[in-house]
Amino acid sequence: MIENLQAALELVFTVDVLTAIFFSCLFGLFTGAMPGVSATVAVALLVPVTFFMSPVAALASIATAVAIAIFAGDLPGGLLRIPGTPASAAYADEAYAMTRKGEGERALTISLVCSVIGGLVGVLALSLSAPMLADFALEFRYHEYFWLAAIGLTTAGFVCGDNPVKGLVSVCIGLMLSTVGFDMISGVPRFTFGYFPLLEGIHFIPVMIGVFAVAEVIRNLVQPTSTYLVEVPEKRTGFRDVAGTVYRYKGKAATGSVLGVIIGALPGAGSDMASWVSYAIGKRFSKTPEKFGTGHPEGIVAATSSNNAATCSTWIPSLVFGIPGDSVTAIVIGVLFLKGLQPGPTVFLEDAPLVYSIFVAFLVANLLLIPVGLVAIKAARQILRIPTRTLMPLILVFCIVGSFAINNSMMGVSIILVSGVAAFFMQENGFPVAPAILGMVMGRLLEENFIQAMIVADGDWLAFFERPIAATLGAITIAFWLSPLAVALIARARARRVARANGGAT
Amino acid sequence: MRVNDAVSGVLIMLLSAVLFANTFTFPAVPGVQYGAAVFPRAVLAVMFGAGAWLTVKGLMTVKAAGWIQIDAWARRPGSWIMFALIVAGMLFYILAADAIGFVPVSGIIIFVLLLAARGRTHLLSSAILALSFPLLLYYVFVNALRVPLPAGWLGGVL
């Protein structure tokens, strides 16, 4: 392993590879900060350029662009409530709440530091235990995936807002939106109402832009409360303060990173799911869950370390089995083939230096993220100096462009219009909107695995608990479902005891 | 503007009932036991239940909170004009951008919204923003990100 690592270092630390890494770093920063241009699109745009590069430079620049783009998605998410990538959507509200309190720079710097921590944990996991993690991931079948998605959804329903029933309605709306279009299993069109473009389904990125950004534009223009987005004076952020905050929530960063590694290694799941699940679990096991959603760094720490860890570990199934973990690594496999490499277990034996050079490139990218990210935060923060009334019309047009960019169709613009107006009224009435996005992201995964599990087991519900991992995940999910009931019962029992005690006293 | 939860609850129940009825129009695939309708029906059943819960809880508060609470912003006609302008701007883009082009259409949207939001005092800066911002976006998205934004009237110039 040491000689492979040494060979990899020699491969990466050459002028052309480092130049490629530097430019893809800037490219990733730029594309990640654009709403509607996800990390996948960034990589797709990069592919034609990689034709002209050596295999190491090509893979290194893809690895860099992804790692940086996932962080860059936090910039518009935190400052303007427009998540640049779906992976940032889980904590966009939290970071935005901090921005409104004048702590935008602090939120983003914490997010940067945790992104780097998550990224480094991901690199370590990738290089030390890729084959082992891949074996674990292969254990996951329909039932395990079903429970995983169910955990994500239930926790999200309870996490957002004060009223879990309204969160549940929001999750259901998201799940229903994910069913629009051709059914993946039977090929039957659903809920298209005879409208042809709906056959393809509703893409969740325009919905995300509409629900978060357009609704925010409407709110700021229709109910103007302040001249600037941040009325309180912007607080200065010292590195000591950020380091202290991250240290205080070091447990959250650790569990977030580990969860990110595990979820990222599962084919079909990815950094989006990792950040949602980590945010939800972070809240569930927090000492102060009531602070979540009010501009509290704890959830940001958990979620942002998680999504960066996942960007590394999504490469595991691709490298070890040639099964892409998400759309980015699907493109990566294409590039591997183009460069004459056969992904699979043998790649670790035959092309070990090249594989290790990918790990080194991830490491370099994550370290490069610190200076580049700090500069980007300082620059992006200036946007808050523009008065809200001037900023909002510009953001509206920006949203239109972003939603159009997904698949270059006007459909995206129609979707942000409908979802933006709907989200505005939903939030006016206390319905949280983030669970709907999660429902859309996980809907297909949940449904496909549920239906296939039912078909495999011939409708036997007990099959959902037969294997050890499935049984564990299932038990956790059901515990989540029952916990509000248990809490209510305990509260009632306590109230009765207090009443009886008072009654006895008088 | 906050309506009583009972109103939202009834709307949610209605929506889930209509969609549930719609699942019966899915063509049946012979031999498929767990077909396209299973999952949506399960979700809709949960949604209907949640709507019923909200309705019952909401009805308990009607006496105290009333059917609808109208906030200060919703009493001002200006708020609703602004709301209509935002929606109209996006509709205008959907209908006209392919024919007229991204730059003129988004320029008009920005100019109108800025005028409505800031009044006529900032006329010059509004005009400058409405001219420059779409051009900047057009350049970035078309040249750097390869997004084919509609060129329209300015197709030959840009």
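Criteria and cut-off values
- Residues numbered from 1 in each chain as written.
- Chains lettered and ligands numbered in written order.
- Predicted model: local features only at pLDDT ≥ 70, side-chain atom pairs only at ≥ 80, totals over all residues.
- Heavy atoms only, no water.
- Helix = DSSP H or I, 4+ residues; strand = E, 2+ residues; numbered from the N terminus.
- Buried < 20%, exposed > 50% of the residue type's maximum accessible area, 1.4 Å probe, protein only.
- Contact = heavy atoms within 4.5 Å.
- Expected span 1.5 Å × (residues − 1).
- Buried area = accessible area lost by both parts, 1.4 Å probe.
- Salt bridge = Lys/Arg side-chain N within 4 Å of Asp/Glu carboxyl O.
- Polar contact = N/O pair within 3.5 Å; in protein donor to acceptor, adjacent residues only side chain to side chain.
- Patch = residues over 30% accessible without salt bridge, like charges linked within 9 Å, V, L, I, M, F, W, Y side chains within 5 Å.
- Areas by Shrake-Rupley, 256 points an atom, 1.4 Å probe, with all protein chains shown as cover.
- Lys, Arg positive; Asp, Glu negative; His and termini not counted.
- Charge placed at Lys NZ, Arg CZ, Asp CG, Glu CD.
- Axes fitted to C-alpha atoms, helices over the stretch in contact; angles between N-to-C directions.
- Parallel < 35°, antiparallel > 145°, perpendicular 65-115°, else oblique.
- Left-handed = near helix turned anticlockwise from the far one by under 90°.
- Core = buried A, V, L, I, M, F, W, Y, C linked by side-chain atoms within 4.5 Å.
- Domains from an automatic or database assignment.

**Student:** With reference to specific residues and values, describe the environment of A470 of chain A.
**Tutor:** Residues and elements named next belong to chain A. One can find A470 in helix α22 (residues 468–505). For A470, a relative accessible area of 0% translates into the label buried. Every residue in contact with A470, bar those within four places of it in the chain, is listed here: H143, E144, W147 and F464.

**Student:** Let's hear about helix α13 (residues 271–284) of chain A: which residues, and what values?
**Tutor:** All names here are of chain A. Counted at 1.5 Å a residue, the expected span for α13 with its 14 residues is 20 Å, and the 20 Å between its end C-alpha atoms agrees. With respect to burial, α13 is a largely interior element, 11 of its 14 residues being buried. If you check which residues of α13 are buried, you get S271, M273, A274, S275, W276, V277, S278, Y279, A280, G282 and K283.

**Student:** Explain the interface of chain B and chain A residue by residue, including any values.
**Tutor:** On the chain A side, the residues contacting the 61 residues of chain B number 61 residues. Together, the buried faces of chain B and chain A total about 5400 Å²; carbon and sulfur atoms form 83% of this surface. Contact with chain A buries area across many residues of chain B, yet Y34, F39 and M90 of chain B alone supply 15% of it, more than any other trio. Summed over the shared surface of chain B and chain A, the number is one salt bridge. For the salt bridge of K166 of chain A with D5 of chain B, the shortest nitrogen-to-oxygen distance reads 2.9 Å. The tally of links between chain B and chain A comes to five residue pairs in polar contact (both at pLDDT 80 or more). For the side of chain B that touches chain A, the secondary-structure elements that each account for two or more residues are β1 (2–3), α1 (5–22), α2 (38–65), α4 (77–100), α5 (102–118) and α6 (123–144) of chain B. A per-element tally of the side of chain B that touches chain A places α4 of chain B first, with 12 residues.

**Student:** Please provide a residue-by-residue account of a positive patch on the surface, values included.
**Tutor:** The grouping of R492, R494, R496, R497 and R500 of chain A together with K57 of chain B at the surface amounts to a positive patch. For the positive patch, the element with the most residues is α22 of chain A, which contributes five residues. Inspection of the secondary structure assignment puts R492 of chain A in helix α22. Judged by relative accessible area, R492 of chain A falls into the exposed class, the value being 56%.

**Student:** Can you explain unusual backbone geometry? Please cite residues and give values.
**Tutor:** Residue and element names in this part refer to chain A. The phi angle at R81 is positive, at roughly 65 degrees, despite the residue not being glycine. Counting through the fold element by element, R81 comes out in the loop between α5 (74–80) and α6 (89–100). You can call R81 buried: its relative accessible area is 3%. Positive phi outside glycine occurs at F193, with the angle close to 50 degrees. You can see F193 is positioned in the loop between β2 (189–190) and α10 (204–222). Using a relative accessible area of 58% as the deciding quantity, one classes F193 as exposed.

**Student:** Provide a residue-level description of the packing of helix α1 (residues 2–12) of chain A against helix α18 (residues 352–381) of chain A, including the pertinent values.
**Tutor:** All names here are of chain A. Direction vectors running N to C along α1 and α18 enclose 65 degrees, while the axes themselves pass 8 Å from each other. It follows from the interaxial angle that α1 and α18 lie roughly perpendicular. Crossing of α1 against α18: the hand is right-handed. Touching N4, L5, A7, A8, L9, L11 and V12 of α1 are A352, P353, L354, Y356, S357 and V360, all from α18.

**Student:** Break down the nonpolar core for me, with residues and values.
**Tutor:** The nonpolar side chains of soluble globular proteins are, as a tendency, buried together. Ranked by internal contacts, the top residues of the largest apolar core, which has 153 residues, are Y93, F102, F141 and L149 of chain B. It is α10 of chain A that contributes the most residues to this core, 14 residues altogether. For this core, the two domains that each supply at least three residues are domain 1 (2–69) and domain 2 (74–156) of chain B. Not counting the four nearest positions on each side in its chain, L149 of chain B is found in contact with V401 and F404 of chain A together with Y93, F102, L137, Y138, F141 and V142 of chain B.

**Student:** Just give me the short version of the pattern of salt bridges, but keep the residues and values in it.
**Tutor:** Opposite charge on two side chains makes pairing possible when the charged atoms of those side chains draw close. Residue and element names in this part refer to chain A. As enumerated under the stated definition, the model contains 13 salt bridges over all chains in all. Linking R381 and E105 is a salt bridge whose minimum nitrogen-to-oxygen distance equals 3.4 Å. Within this pair, whereas R381 is found in helix α18, its partner E105 is found in helix α7 (residues 104–138), the two being separated by 276 residues in sequence. The class for E105 is buried, based on a relative accessible area of 7%. E144 is the salt-bridge partner of R467, the closest N and O atoms lying 2.9 Å from each other. Here the residue R467 occupies a position in the loop between α21 (434–456) and α22, and E144 occupies one in helix α8 (residues 142–159), the gap between them amounting to 323 residues. You can call E144 buried: its relative accessible area is 1%.

**Student:** So what's going on with a nonpolar patch on the surface? Residues and values would help.
**Tutor:** On the surface, L5, L9, F13 and L18 of chain A cluster together to form a nonpolar patch covering roughly 330 Å² of accessible area. As for its position among the elements, L9 of chain A is in helix α1.

Everything listed is a geometric property; what it means functionally is a separate question.
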